[in-house]
Amino acid sequence: MQIFQLIQKALDDLYPKIPGSDLVKDVTINNCLKLLQHEYKNLAHVGRVPIDYRRPEMRFAYIYKYTTAHSDYINKIIPRSSLAKLFDRDTLKIACVGGGPGSDLIGILKYMILFGNSAKVTFYLYDKEPLWGESWAEIGTHLDDNFRIYPIFQPIDILNSSDWRDRSFSNIDLYTFSYFISEIYYNRTVAKNFFKHILTQAKVGAQVLYVDNNDKAGSFVSFMKEVLAEVGFEIEIERCEEMVFGSDEQKDDLGIYFQKFGWPKRKGNICYLVARKVK
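Parameters and conventions
Residues numbered from 1 in each chain as written. Predicted model: local features only at pLDDT ≥ 70, side-chain atom pairs only at ≥ 80, totals over all residues. Heavy atoms only, no water. 1 Å grid on protein atoms, 1.4 Å probe; cavity = no way out; pocket = protein on both sides within 12 Å on 5 of 7 lines; lining within 4 Å. Points joined across faces, edges and corners; volume = space filled by probe spheres on them. Helix = DSSP H or I, 4+ residues; strand = E, 2+ residues; numbered from the N terminus. Nonpolar A, V, L, I, M, F, W, Y, C, P; charged D, E, K, R; others polar. Axes fitted to C-alpha atoms, helices over the stretch in contact; angles between N-to-C directions. Parallel < 35°, antiparallel > 145°, perpendicular 65-115°, else oblique. Contact = heavy atoms within 4.5 Å. Pairing = 2+ DSSP bridges.

Novice: Sorry, what's going on with the layout of surface pockets here?
Specialist: Taking a probe equal in size to a water molecule and rolling it over the atoms shows the remaining empty space. When its volume is computed, the largest pocket comes out at roughly 540 Å³. As for the largest pocket, its lining consists of 28 residues, of which Tyr 53, Asp 127, Lys 128, Phe 180 and Glu 183 are closest to the centre. Of all the elements in the fold, those that place two or more residues in the lining of the largest pocket are helix 4 (103–115), strand 2 (120–127) and helix 6 (181–184). Classifying every residue of the lining of the largest pocket gives 15 nonpolar, four polar and nine charged.

Put into structure tokens, the structure is as follows:
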């Protein structure tokens, strides 16, 4: 099963939840696609207002436009790094921080499908918007019986310390941050407390996968590197490059949505890091 096939199933679930006739839904979705494109050009702006993902049309637009490509980048990064060895284990626990949109989950699933990995994987999806959980709660039912995938959604507001200061984030094998640092960078001073809290708890040997926009100033990746250095992680890979969405995906797998909304995002100028807890 390819990314587009998994994405279509999530979109099929979301589409009926958008108010109005099909024509009204499609106009609303197109407006959201334009808004997201505008907002993601100004992520580092201090005064920006966070996007409201409570609206089903906004979640639909994000999954269609961005989860498709962002998940494929993760699928490509894993075999280039020591992360691939994680999937030789029988069991694996992954914390997808800011992972509500599903990029981390879908990207890892595609890697496992392509390489025939059958580890039992528990995904902890941490995100402020609990409604994201509806999109991925049943994803395991669409997979072959060989894949033991358990997504657990955990609502969390990283800018509110009472939401996380008493929680345990230990015993995790892999922490992923997919296009999340750029989302909270406008309030990075407060957010840094959260990142230090969860990564200080990480066990020795735990790994981090960071993927995000390559902004001109390198602000996002610099912030992540600063946090990692302060909590005992050593960077194994650091790379910035243009990455292109996989050619193995077929637009027909998006069904009617491709005819309505055209190609999702197909390439991005990204930076990624792979790091390991050493002390």
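We are not done yet, so read on.
Novice: What's the story with the packing of helix 1 (residues 3–14) against helix 3 (residues 56–77) in this structure? I'm lost.
Specialist: For any two helices packed against each other, one specifies the inter-axial angle together with the distance between the axes. With their axes 10 Å apart at the nearest point, helix 1 and helix 3 run at an angle of 175° to one another. Our classification of the angle between helix 1 and helix 3 gives roughly antiparallel. Contact residues: Ile 3, Phe 4, Ile 7, Leu 11 and Leu 14 in helix 1; Pro 56, Arg 59, Phe 60, Ile 63, Tyr 64, Thr 67, Thr 68, Ser 71 and Asp 72 in helix 3. Residues that form the contact of helix 1 with helix 3 fall into these classes: nine nonpolar, three polar and two charged.

Novice: Explain the sheet that holds strand 5 (residues 207–213) here, please?
Specialist: Two orientations exist for strands paired in a sheet by backbone hydrogen bonds: parallel and antiparallel. Pairing is mixed in the open sheet, where seven strands are placed in the order 3-2-1-4-5-7-6. The open sheet has two edge strands with one neighbour each: strand 3 (148–155) and strand 6 (233–244). Shown here is a sheet whose adjacent strand axes are inclined to one another by a mean of 15°, direction ignored. With three bridges joining them, strand 1 (residues 91–97) and strand 4 (residues 174–178) adopt parallel strand pairing. Among the inter-strand pairings, Ala 95 is bridged to a residue of strand 4, identified as Tyr 175.

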